[in-house]
Amino acid sequence: MQAGPCILRAVRPSDFKNLSALCADIKVRDIERYTSEWFGRTSNIKVVARPRSVHEVSDVLKYCNSSGIGVTVFGGNTGLVGGTMAERSEVAISTEFMNRFLEIDVSSGIATVETGLILQNLQERLAIHHLTTPYDLGARGSCTIGGNLATNAGGINFIRHGPLRAHVVGIEAVLANGDVLDLMSKSRKDNCGIDLKQIFIGSEGTLGIITKARIHCPSLHQYRSVALISLKGDFTSTVLETLKKAKETIGESLSAFEFIDGEGAELVGPLPSGMDPKYSGFAVLVEASGSASVSDKIENFLEQLPDSVEGVVGSDLESMSKLWHYRELLPVKMASLGHNLKYDISLPQRELYKLVEGIRLRYANRPDVLKIVGYGHVGDGNLHLNVALDPQFERNPSLESDMSHSVYSYVSECGGSISAEHGIGRDKLEQLFFSKPTVVLEYTRALKKMLDPNGILNPGRTIL
Ligand code: MLT
Ligand code: ZN
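Quick summary incoming for the structure in this document. All chains use their own residue numbering, which begins from 1 and follows the written sequence. Each chain is given a letter, starting from A, and each ligand a number, starting from 1, according to the order in which they appear as written. Predicted model: local features are reported for residues with pLDDT of at least 70 only, side-chain atom pairs are reported and counted for 80 or more only, and whole-chain, interface and lining totals are derived from all residues. Note: side-chain values were computed over all heavy atoms of the structure, leaving out hydrogens and water.

**Looking at the overall build of the chain**
Every helix listed is a DSSP run of H or I at least four residues long, and every strand listed is a run of E at least two residues long, numbered separately from the N terminus. Along the backbone of the chain there are 13 helices and 16 strands. Compactness check: the chain gives a C-alpha radius of gyration of 23 Å against a globular reference of 23 Å for 464 residues, within 12% of the reference. If one aligns the C-alpha atoms of the chain with their principal axes, the spans along those axes are about 70 × 55 × 45 Å. With 464 residues in all, the chain has 54% of them scored as buried. The contacts in the chain between residues at least 6 apart in sequence include a share of 72% that link residues at least 24 apart. Accessible surface, the chain: about 20,100 Å² in total, of which carbon and sulfur atoms supply 52%. Charge counting follows a simple rule: Lys and Arg are positive, Asp and Glu are negative, and His as well as the terminal groups are ignored. Where a charge lies is defined by one atom per residue type: Lys uses NZ, Arg uses CZ, Asp uses CG and Glu uses CD. Charged side chains in the chain number 48 positive and 54 negative. The centres of these two groups are separated by 5 Å. The globule rule used here is 2.2 Å times the number of residues to the 0.38 power, and the radius of gyration it is set against is calculated over C-alpha atoms. Burial classification: accessible surface area is computed with a 1.4 Å probe over protein chains only, and a residue below 20% of its type maximum counts as buried, one above 50% as exposed, and the rest as partly exposed. Should any heavy atoms of two residues lie within 4.5 Å, those residues are considered in contact. Computed with the Shrake-Rupley method and a 1.4 Å probe, the accessible areas treat only the protein chains shown as cover for residues.

Okay, here's the thing in structure tokens:
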């Protein structure tokens, strides 16, 4: 069975006029922001609809569905797997103007919002009530709640709060035919049979457009402390041992445990306090947060580490954000070198860094490979393996498919996932079978066929 587009047609000039009658804000000029990704690719969006209500979303979808026009669902465009990359001529529906706070119920900690809201704006509003979002991302200043839900965003506090989907109390979603599904329960505890909202979370806009959400938000901890340490030696005896110590000593206050390998640390620059990144092996960032002081926990943790370990602690806002900046800068620095082959995988922790070593052994000496780094959310078993290609060379499809095959075969053998947090989009579609059995892919396709029979939503993405 095929889930992909079968009857889609290109956008025509008459569609502009027809769409303008359904949605007040239709753009056909100055749409570069919607047709390009931050790392350079361009897509084939012809019209951008910017609805201000669920009715407008529904009407635009109804029109596209009955006309057989493909639709790209557009949030903050911060994704990393080509989810906004339309191959054929399509209409983009951007939720950016559906960005209102609808309610913050301070006693239950439940926030109700429209999904075009930017994550940082929600965090700032929640902070007034001593609440925060149950996840956080480097892209917080531009990613939207809708995009976060559509990709079931992971991020830096996963170790503490688990997946975003676990905190979603309700959503409103619009189907391809324009039907609006009200799944906006007010109760977090709701066992009325099948939990339909979960199929939209992580579906990357292929099953419907999420227009409203109700999210359970934890308390914003008043006390926070961050340590950045430099470890020498192999991954297991340094990073994994340190993770074990952090869990034992910081316990439930552990809110992030991130690592960058020596190659990555060298690229970011000297570690604060002058620790030498090149020979350190690994830089590890540990964050603790709680409703009572956590500095003693961080101190206690550092005391348990061997004397040779160097570290620096930040306890005020400025020094903590400096340490976080060090971590968040790495993917940006890597992107500035040239095109990156980005692998976002989860693996059993013991197998995680072996992959980086194996890929380095096999490819690092090639002239067209500039840098291979491993970093990520090690506390969650999530490795980001990034390979920067030298822009002086033409892209080499056989190198890329060979490397992709090596990475994903290893992931599959170890029982990991080919996409830990970035999603599938366009870029990981052909590799889905490394993580999902054929019969699972078939039932996913059948679900898509039922909810979007004409295949208009994000065609060619996410569902194989
Ligand atoms: C990160 O953890 O820094 C993000 O997932 C972004 C990235 O890998 O580019
Ligand atoms: Zn990440």
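Once the structure has been displayed, the description carries forward.
**Quick word on the coordination of the zinc ion (ligand 2)**
For Na, K and Ca the donor cutoff is 3.2 Å, while for all other metals N, O and S atoms must lie within 2.8 Å; water is not among the atoms, so some sites may look incomplete. The protein atoms that coordinate the zinc ion (ligand 2) are His377 (NE2), His384 (NE2) and Glu421 (OE), at distances spanning 1.9 to 2.1 Å. We note that the donor set of the zinc ion (ligand 2) lies within a single chain, spaced as H-x6-H-x36-E. Considered together, His377 and His384 belong to a single accessibility category, that of buried residues.

**A short note on the pairing of strand β14 (residues 340-346)**
Taken across its seven residues, β14 has seven buried, putting it largely inside the fold. Here β14 shows no split at all, with Asn340, Lys342, Asp344 and Ser346 on one side and Leu341, Tyr343 and Ile345 on the other all buried. Both β14 and strand β16 (residues 382-389) contribute to a ladder of seven bridges, which runs antiparallel. The residue bridging Tyr343 from the neighbouring strand is Leu385, located in β16. At least two bridges found by DSSP between two strands are what make those strands a pair.

**Structural notes on the packing of helix α11 (residues 349-363) against helix α12 (residues 397-413)**
Fitted lines through C-alpha atoms give the axes, limited to the stretch in contact for helices. The angle between two N-to-C directions lies from 0 to 180 degrees. Axis separation between α11 and α12 bottoms out at 10 Å; the angle between their running directions is 155 degrees. Judged by the angle between their axes, α11 and α12 are roughly antiparallel. Pair α11 / α12 crosses with right-handed handedness. The segment α11 lies against α12, with Glu351, Lys354, Leu355, Ile359, Arg362 and Tyr363 engaging Leu399, Asp402, Met403, Ser406, Val407 and Tyr410. Three classes are used, and their members are as follows: Ala, Val, Leu, Ile, Met, Phe, Trp, Tyr, Cys and Pro are nonpolar, Asp, Glu, Lys and Arg are charged, and the others, Gly among them, are polar. Across the contact of α11 with α12, the residue classes break down as seven nonpolar, one polar and four charged. For this classification, under 35 degrees means roughly parallel, over 145 means roughly antiparallel, 65 to 115 means roughly perpendicular, and everything else is oblique. In a left-handed crossing the near helix is turned counterclockwise from the far helix by less than a right angle, and in a right-handed crossing that turn is clockwise.

**Here's the deal with the sheet that holds strand β1 (residues 26-27)**
Sheet strands associate in pairs through backbone hydrogen bonding, adopting either a parallel or an antiparallel arrangement. The strand order across the open sheet built from four strands is β1-β2-β4-β3, with neighbouring strands paired in mixed fashion. Here the strands that pair on one side only, and so sit at the sheet edges, are β1 and β3 (71-74). Both β1 and strand β2 (residues 45-49) contribute to a ladder of two bridges, which runs antiparallel. Counterpart to Ile26 in the pairing with β2 is Ala49. Of the strands in this sheet, β2, β3 and β4 (90-94) touch helix α3 (residues 54-67), which is tilted by about 165 degrees from β4.

**Quick word on the layout of surface pockets**
Cavities and pockets were defined on a 1 Å grid built from protein atoms only: a cavity is a group of points that admits a 1.4 Å probe but offers it no way out, a pocket is an open group of points flanked by protein on both sides within 12 Å along at least five of seven lines, and a lining residue is one with an atom within 4 Å of any such point. Grid points are joined across faces, edges and corners, and a volume is the space filled by probe spheres set on the points. Approximately 1,200 Å³ is the volume found for the largest pocket. Around the largest pocket, the lining comprises 50 residues; the ones closest to its centre are Thr78, Gly79, Leu80, Leu137 and Ala139. At the level of secondary structure, the elements contributing two or more residues to the lining of the largest pocket comprise β3, α5 (145-150), β9 (209-216), α10 (317-337) and β15 (369-377). Residue classes in the lining of the largest pocket are distributed as 17 nonpolar, 26 polar and seven charged.

**Quick look at the site of ligand 1**
Every residue lining ligand 1 is accounted for by Leu80, Arg327, Pro331, Lys342, Tyr375, His377, His384, Glu421 and His422. We define a polar contact as two N or O atoms separated by no more than 3.5 Å, with the added condition that, inside protein, one atom must be a possible hydrogen donor and the other a possible acceptor, whereas residues neighbouring each other in sequence contribute only through side-chain atom pairs. At 2.7 Å from an oxygen atom of ligand 1 is found a side-chain nitrogen or oxygen belonging to Arg327. Within the side chain of Glu421, a nitrogen or oxygen atom sits 3.0 Å from an oxygen atom of ligand 1. Relative to its unbound accessible surface of 260 Å², ligand 1 loses 82% to contact with the protein. For this analysis, a molecule is said to be in a pocket or cavity if more than half of its atoms are within 2 Å of the grid points defining it. According to the grid-proximity analysis, the pocket containing ligand 1 is the largest pocket. The nearness test applies per residue and asks whether one of its heavy atoms lies within 4 Å of the molecule or strand.

**Section: the nonpolar core**
Within the largest apolar cluster, 49 residues are counted, with the highest numbers of intra-cluster contacts made by Phe259 and Val407. Among residues more than four places away in sequence, those in contact with Val407 are Tyr343, Ile345, Leu355, Ile359 and Leu385. Joining through side-chain atoms within 4.5 Å is the link that ties buried Ala, Val, Leu, Ile, Met, Phe, Trp, Tyr and Cys residues into a set, and such a set is a nonpolar core. In terms of nonpolar packing, the next biggest core, distinct from the first, is built from 27 residues, Leu119, Tyr135, Ile210 and Ala213 among them.

**Things to note about the packing of aromatic side chains**
Side-chain rings of Phe, Tyr and Trp (the six-membered ring for Trp) are treated as a pair once their centres are within 6.5 Å; stacked means planes under 30 degrees apart, edge-to-face means over 60, and tilted covers the remaining angles. Per the stated rule, a full pass over the model turns up ten aromatic pairs. Here the aromatic residues Phe235, Phe259, Phe282 and Tyr353 are joined through ring pairs into a cluster of three or more. Geometrically, a charge over a ring is one whose NZ (Lys) or CZ (Arg) sits within 6 Å of the ring centre while staying within 35 degrees of the ring normal. For the cation-ring pair, Arg52 lies above Phe97, with the distance from its terminal atom to the ring centre recorded as 4.1 Å. In this structure, Arg125 packs its charged tip against the face of Phe101, placed 3.9 Å from the ring centre.

**As for the pairing of β4**
The element β4 is extensively covered by neighbouring structure, given that five of its five residues are classed as buried. Of the two faces of β4, the one holding Glu90, Ala92 and Ser94 and the one holding Val91 and Ile93 are both buried throughout. In this structure, β2 lies alongside β4, joined through four bridges in parallel fashion. When the sheet's bridge partners are listed, Ile45 is paired in β4 with Glu90. In the sheet, β3 pairs with β4 via four bridges, with the strands oriented parallel. Residue Thr72 lies in a different strand from β4, and its bridge partner there is Ala92.

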